[in-house]
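Observations on the three-dimensional arrangement
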Amino acid sequence: MLESKSQELEEILGNIDQIIWYIDSKTLSLQYVNHAIGAVFGFTKEDFLADPTLWQQRIHHDDRLLVRSFFETLIPGASQEIRFRIHRVNGEICWLNSRVYHNEKLDLFVGITSDITQSKLQSEEIAFLAYYDPLTMLANRSKLKLQVHSRLDHSPLVPFSLIYIDLDNFKNINDTMGHEIGDQILVEVTRRLREISHEDQLLSRFGGDEFVVILNNSDSVYISNFCTQIGQIFKAPFTINDFPFFLSSSLGISMYPEDA
């Protein structure tokens, strides 16, 4: 009867899409897992049972300390969720969400794990689109505003500058050549601006053909040199489909706290 019930339970757990498992609470060695683990990790259930530490080996290097600390601090009788990354057998990175219960009586951690890679990617994409321009991959106007307000609120005594860049007569290109050509030019303008910008500077696309750079000081000589570099990047034509486009730009400069 016991063998029959065990087979029934195994059949039920084997048909569940989520990974169901339990590990020793002291050694963290795997004691049981259902077949759903194969679809996520790429290894079979038998692979994991043959090597009880295999699941730990597949955890992303940057998340291993997080996972170990999670189990070390999980209160007996309590359950909690954790999200971490693993490497599939083919090397791909996968995001997992685990609800874990600490069964003190059996000295086990019992868990249910789901693959949340797709939902994680979708949420990251939504977050990215909220603050970044999908064409140039630069910070957008919302991100720029957050940065400026953050500086004013948290570092009111630290000087900085805003450089506003407007492409002259860019509307004519869109009207005569089409927006696809205009977009390619904007991408090339972005590439050239990146080349003269530093990591500690925020480069953003403020509008259609408008860019704003935050410089981390208000030194007039530094600003003058940077603006000279901006002028230099427009001296060479922007060649799209073997056709050269000659552009110029207009700049506006505001220094904090001198101008505000």
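The notes below deal with the structure included here. (Residues numbered from 1 in each chain as written. Predicted model: local features only at pLDDT ≥ 70, side-chain atom pairs only at ≥ 80, totals over all residues. Heavy atoms only, no water.)

Some words on the overall build of the protein
Per the secondary structure count, the protein includes 10 helices and 11 strands. On C-alpha atoms alone, the protein measures out to a radius of gyration of 28 Å, which is more than a quarter above the 18 Å that the 2.2 N^0.38 rule sets for 260 residues. Once the C-alpha set of the protein is aligned to its principal axes, its extents read approximately 85 × 50 × 25 Å. For the protein, with 260 residues in total, the buried portion stands at 39%. For the protein, the share of sequence-separated contacts (at least 6 apart) that also reach a separation of at least 24 residues comes to 53%. A total accessible area of about 15400 Å² is found for the protein, and carbon and sulfur atoms account for 54% of it. Charge separation in the protein, taken as the distance between the mean sites of 22 positive and 36 negative side-chain charges, equals 2 Å. (Helix = DSSP H or I, 4+ residues; strand = E, 2+ residues; numbered from the N terminus. Rg over C-alpha atoms; globule rule 2.2 N^0.38 Å. Buried < 20%, exposed > 50% of the residue type's maximum accessible area, 1.4 Å probe, protein only. Contact = heavy atoms within 4.5 Å. Areas by Shrake-Rupley, 256 points an atom, 1.4 Å probe, with all protein chains shown as cover. Lys, Arg positive; Asp, Glu negative; His and termini not counted. Charge placed at Lys NZ, Arg CZ, Asp CG, Glu CD.)

Concerning the pattern of salt bridges
Scanning the entire structure with this criterion turns up 10 salt bridges. For Arg205, the salt bridge goes to Asp133, with nearest N and O atoms at 3.1 Å. Remark: Asp133 occurs in the loop between helix H6 (117-131) and helix H7 (141-154) and Arg205 occurs in strand E7 (residues 202-205); sequence separation between them is 72 residues. Judged by its relative accessible area of 15%, Arg205 is buried. (Salt bridge = Lys/Arg side-chain N within 4 Å of Asp/Glu carboxyl O.)

Brief notes about the packing of helix H9 (residues 179-196) against helix H10 (residues 220-233)
Two elements in contact, H9 and H10, have axes whose closest approach is 10 Å; the angle formed by their N-to-C orientations is 145°. Taken as a pair, H9 and H10 cross one another with a handedness that is right-handed. For the pair H9 and H10, the contacting residues are Arg192, Leu193 and Ile196 in the first and Phe226, Gln229, Ile230 and Ile233 in the second. Of the residues contributing to the contact of H9 with H10, the split by class is 5 nonpolar, 1 polar and 1 charged. (Axes fitted to C-alpha atoms, helices over the stretch in contact; angles between N-to-C directions. Left-handed = near helix turned anticlockwise from the far one by under 90°. Nonpolar A, V, L, I, M, F, W, Y, C, P; charged D, E, K, R; others polar.)

Focus: the packing of aromatic side chains
According to the stated counting rule, one finds 12 aromatic pairs in the structure shown. Ring centres of Phe128 and Tyr132 lie 4.9 Å apart, and the angle between their planes is 10°; on these two criteria the pair is classed as stacked. On the numbers, 5.9 Å between centres and 50° between planes, the contact of Phe234 with Phe238 is tilted. Each member of the pair Phe234 and Phe238 is classed as buried. What links up through ring pairs into an aromatic cluster is the set Trp21, Trp55, Phe70, Phe71 and Phe109. Between the NZ or CZ atom of Lys120 and the centre of the ring of Trp95, over which it lies, the distance is 4.3 Å. (Phe/Tyr/Trp six-rings, centres within 6.5 Å; stacked < 30°, edge-to-face > 60°. Lys NZ or Arg CZ within 6 Å of the ring centre and 35° of its normal.)

Some words on the side chain of Arg205
Separated by 3.1 Å, the side chains of Arg205 and Asp133 make a polar contact. A distance of 3.0 Å separates a polar atom in the side chain of Arg205 from the backbone oxygen of Gly207. Excluding anything up to four places from it in sequence, Arg205 contacts Asp133, Leu135, Thr136, Leu138, Ala139, Asn140, Arg141, Leu186, Glu210 and Phe211. (Polar contact = N/O pair within 3.5 Å; in protein donor to acceptor, adjacent residues only side chain to side chain.)

Focus: the pairing of strand E2 (residues 30-33)
With 3 bridges connecting them, strand E1 (residues 19-24) and E2 associate as antiparallel partners. Looking at the pairing, Ile23 lines up with Leu30 of E2. Once E1 ends, the chain turns through 5 residues before running back antiparallel as E2, passing Leu28 with a positive phi of about 60°. (Pairing = 2+ DSSP bridges.)

The analysis is restricted to geometry; functional conclusions fall outside its scope.
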